[in-house]
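# What the coordinates show
Here is how the chains run, residue by residue.
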Amino acid sequence: MGAQQNAPGGKGLHFGRARAEGAGQGMVRSTGPNHPDGHGSVDNVRRLQRKLFVAAKRHPGRRFHALFAHIWRSDVLQEAWRRVRRNGGAAGVDGETLAVAEEYGAQKLLAELQDVLRSGRYRPSPVLRRHIPKASGGTRPLGIPTVKDRVVQMAAKLVLEPVFEADFRSSSYGYRPRRKPLDALETIRETANAGAEHVLDADIADFFGSLDHELLLHLVAQRISDRRVLRLIRLWLRAGAMDEGQHRDTIAGVPQGGVISPLLANIYLHVLDRVWESRCAHLGRLVRYADDLVVLCRSAEALVESERRVGIVLSHLKLRLHPDKTRKVALTEGRQGFEFLGHHLRKRVSGKLLERGICRHYLQRWPSPRSMRRVRQRIHELTDRRRTSGIKDERVLIEKLNPVLRGWGEYFRTGNAARKFLSIDGYVYDRLRRVLVKRAGRNLRAGRAAQWTREWFWGQGLHRLRGTVRYPKPCVLHEKTIGEPDAGKRHVRFERGSVVPGGLRVAPGH
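About the cut-offs
Residues numbered from 1 in each chain as written. Predicted model: local features only at pLDDT ≥ 70, side-chain atom pairs only at ≥ 80, totals over all residues. Heavy atoms only, no water. Helix = DSSP H or I, 4+ residues; strand = E, 2+ residues; numbered from the N terminus. Buried < 20%, exposed > 50% of the residue type's maximum accessible area, 1.4 Å probe, protein only. Contact = heavy atoms within 4.5 Å. Salt bridge = Lys/Arg side-chain N within 4 Å of Asp/Glu carboxyl O. Pairing = 2+ DSSP bridges. Phe/Tyr/Trp six-rings, centres within 6.5 Å; stacked < 30°, edge-to-face > 60°. Lys NZ or Arg CZ within 6 Å of the ring centre and 35° of its normal. Axes fitted to C-alpha atoms, helices over the stretch in contact; angles between N-to-C directions. Patch = residues over 30% accessible without salt bridge, like charges linked within 9 Å, V, L, I, M, F, W, Y side chains within 5 Å. Areas by Shrake-Rupley, 256 points an atom, 1.4 Å probe, with all protein chains shown as cover. Lys, Arg positive; Asp, Glu negative; His and termini not counted. Charge placed at Lys NZ, Arg CZ, Asp CG, Glu CD. Parallel < 35°, antiparallel > 145°, perpendicular 65-115°, else oblique. Left-handed = near helix turned anticlockwise from the far one by under 90°. Nonpolar A, V, L, I, M, F, W, Y, C, P; charged D, E, K, R; others polar.

### A closer look at the overall build of the protein
In terms of helices and strands, the protein carries 18 helices and 13 strands. Put simply, the protein has 510 residues, and 45% of those count as buried. Of the contacts formed within the protein by residues at least 6 apart in sequence, a portion of 65% connects residues at least 24 apart.

Here is the structure:
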């Protein structure tokens, strides 16, 4: 079929010449407003994504053969630029930052990218490799693409993601639209409280560095038959990396830090999700967030079998479980706990029920020791004497601390983190008070330090973690009257989000 929204002068639906007033979405037009922040491009991209998702959902076996032209559409590139600019990030091997790109001209940059993509002359640059220290020891290699490559990868992600989202299973939570870590944590909590007290806490050894390129492209090709798109992904996989001034070829893996990498990782591990749902669901509940996964089982036997089957599937993907970081955990009566997505999860006795003579354990979560050490380290760095020596106003220091406290508190506030929050509040207070005492030195007047209380710092605008814990709302049951008027009515209770007879869905807010 011919393009229905082609550029002026292009071929129309029946391969006749399009009218001069065509939509112009296939190229950067020289007339009319076309600012990268325009809302029209956002709406067009959303409509495109919706169409692709619906088509993929209706036809699970369909292979899409004409997607490359959507990647270099002007509205898609504009939305890609908007998201890349919002995410920020450092410069790649060319040294060009986002600020340099904006100074050069976003519209000019997008027009040049569109031209090289359309003509087939696009070649990605090697990623800039940086080694980030890990909290558990060692380093994690981070690959930083150039700004231009990030824009093109984002454009490809906007087009390809809806196609694969139609196939992804509910067990996958990481780096997906409208899904967040809280959803995975709540699934674990509800499943464990329902009786699944045996947990496989699995870790995949060197996941991002071990992905097989040919197998990954084969999995992508199960849905995408456009050779230009497959070639584009192959170029990114084999672009190489600049590590300490030396160019290194990449024969396996995807760079952590690439825009397209999380989607490719989900496509790769979708095999595990699909096999588990079709053949292993009777053993337990799989919850996966990117390469972090747990399986919750009701018996120790099912737990052992789950570990064996996960290992078999990963071996077919040319991956393996980390022998030292994969554990089998028994949650019964709070004997053991495990860490997932920065939280420590363990069962504890319900105090309210214990007052009534009932001893019952429920799964709770709070920041893990590693998460506590990391936030303390960050606070220590911001309040270090070498960094604060030139700061004369404590409110400047508080403005630097508040984003760290808000972000950390927002992530952990949905669990049982009240005591941990009090501990961090106390640590922040001690650090700030020490800064003021050292700054005053010999000029510290008698009684002045006693005025620097926690309330005084809060009055200066310091963010307080205490009192910000908000537990997830319980799943409320709702009544729905169904039945014919003459045949009599009956009252039935349904959970939020459940589908009632007749295809009606009980909305969360109704």
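### What about unusual backbone geometry?
A positive phi is found at Asp206, a non-glycine position, where the angle reads about 45 degrees. Within the secondary structure, Asp206 is located in the loop between β3 (198–203) and α8 (207–210).

### Here we look at the pattern of salt bridges
A complete count under the given rule lists 24 salt bridges for this structure. Asp243 is the partner of Arg248 in a salt bridge, and the nearest nitrogen-oxygen pair spans 3.7 Å. Salt bridges sharing partners connect three or more residues here, namely Glu79, Arg82 and Arg83.

### Considerations on the pairing of strand β9 (residues 337–340)
The pairing of β9 with strand β10 (residues 343–349) spans 4 bridges and is classified as antiparallel. Pairing of Gly337 across the sheet is with Arg346, part of β10. Hairpin connection, β9 to β10: the antiparallel pair is bridged by 2 residues, and Leu341 has positive phi, about 55 degrees.

### A look at the environment of Ala290
Tracing the chain through its elements places Ala290 in the loop between β6 (284–289) and β7 (292–297). Put simply, Ala290 and Ser172 are 118 residues apart on the chain and 7.4 Å apart in space, counted from C-alpha to C-alpha. Excluding residues that lie within four positions of it along the chain, Ala290 makes contacts with Gly174, Tyr175, Asn266 and Leu269.

### Focus on the packing of aromatic side chains
Throughout the structure, instances matching the rule amount to 7 aromatic pairs. Seen from their ring centres, Tyr175 and Tyr289 are 5.7 Å apart, and the 50 degrees between their planes marks the pair as tilted. Taken together, the positions of Tyr175 in the loop between α6 (147–165) and α7 (181–193) and Tyr289 in strand β6 put the pair 114 residues apart, joining distant regions of the chain. An angle of 75 degrees between the planes, with centres 5.1 Å apart, marks the rings of Phe207 and Phe208 as edge-to-face. Residue classification places Phe207 among the buried positions, given a relative accessible area of 2%. Cluster of aromatic residues (ring-pair linked, three or more members): Trp408, Tyr411, Phe412 and Phe421. In this arrangement the basic side chain of Arg179 is found over the ring face of Tyr173, its NZ or CZ atom lying 4.5 Å from the centre.

### Regarding the sheet that holds β10
Reading across the sheet, the 3 strands line up as β9-β10-β11 and stay open at both edges, with antiparallel pairing between neighbours. Single-partner strands in this sheet number two, and they are β9 and β11 (361–367). Neighbouring strand axes in the sheet, compared pairwise and without regard to direction, differ in orientation by 30 degrees on average. As paired strands, β10 and β11 are joined by 7 bridges and run antiparallel to one another. Across the sheet, Lys347 pairs through a bridge with Leu363, a residue of β11.

### Brief notes about the sheet that holds strand β4 (residues 241–243)
Taken in spatial order, the 4 strands of this open sheet run β2-β1-β4-β5, and their pairing is mixed. Across the chains shown, the open sheet's two edge strands, defined by having one partner strand only, are β2 (139–144) and β5 (246–248). This sheet shows a mean twist of 40 degrees between the axes of neighbouring strands, independent of strand direction. Sheet topology places β4 next to β5; 3 bridges connect them, and they run antiparallel. Counterpart to Met242 in the pairing with β5 is His247.

### A word on a positive patch on the surface
On the surface, Arg140, Lys325, Arg370, Arg373 and Arg374 cluster together to form a positively charged patch. A relative accessible area of 56% means that Arg374 is categorised as exposed.

### Describing the packing of α6 against helix α10 (residues 227–237)
Taken N-terminus to C-terminus, the directions of α6 and α10 make an angle of 135 degrees; their axes are 12 Å apart at the nearest point. By the angle between their directions, the pair α6 and α10 is classed as oblique. In this structure, the crossing between α6 and α10 has a hand that is left-handed. The segment α6 lies against α10, with Val152, Gln153, Ala156 and Leu160 engaging Val229, Leu232, Ile233 and Trp236. Here the contact of α6 with α10 is composed, by residue class, of 7 nonpolar, 1 polar and no charged.

Honestly, that's just the spatial picture; any functional story needs more than this.
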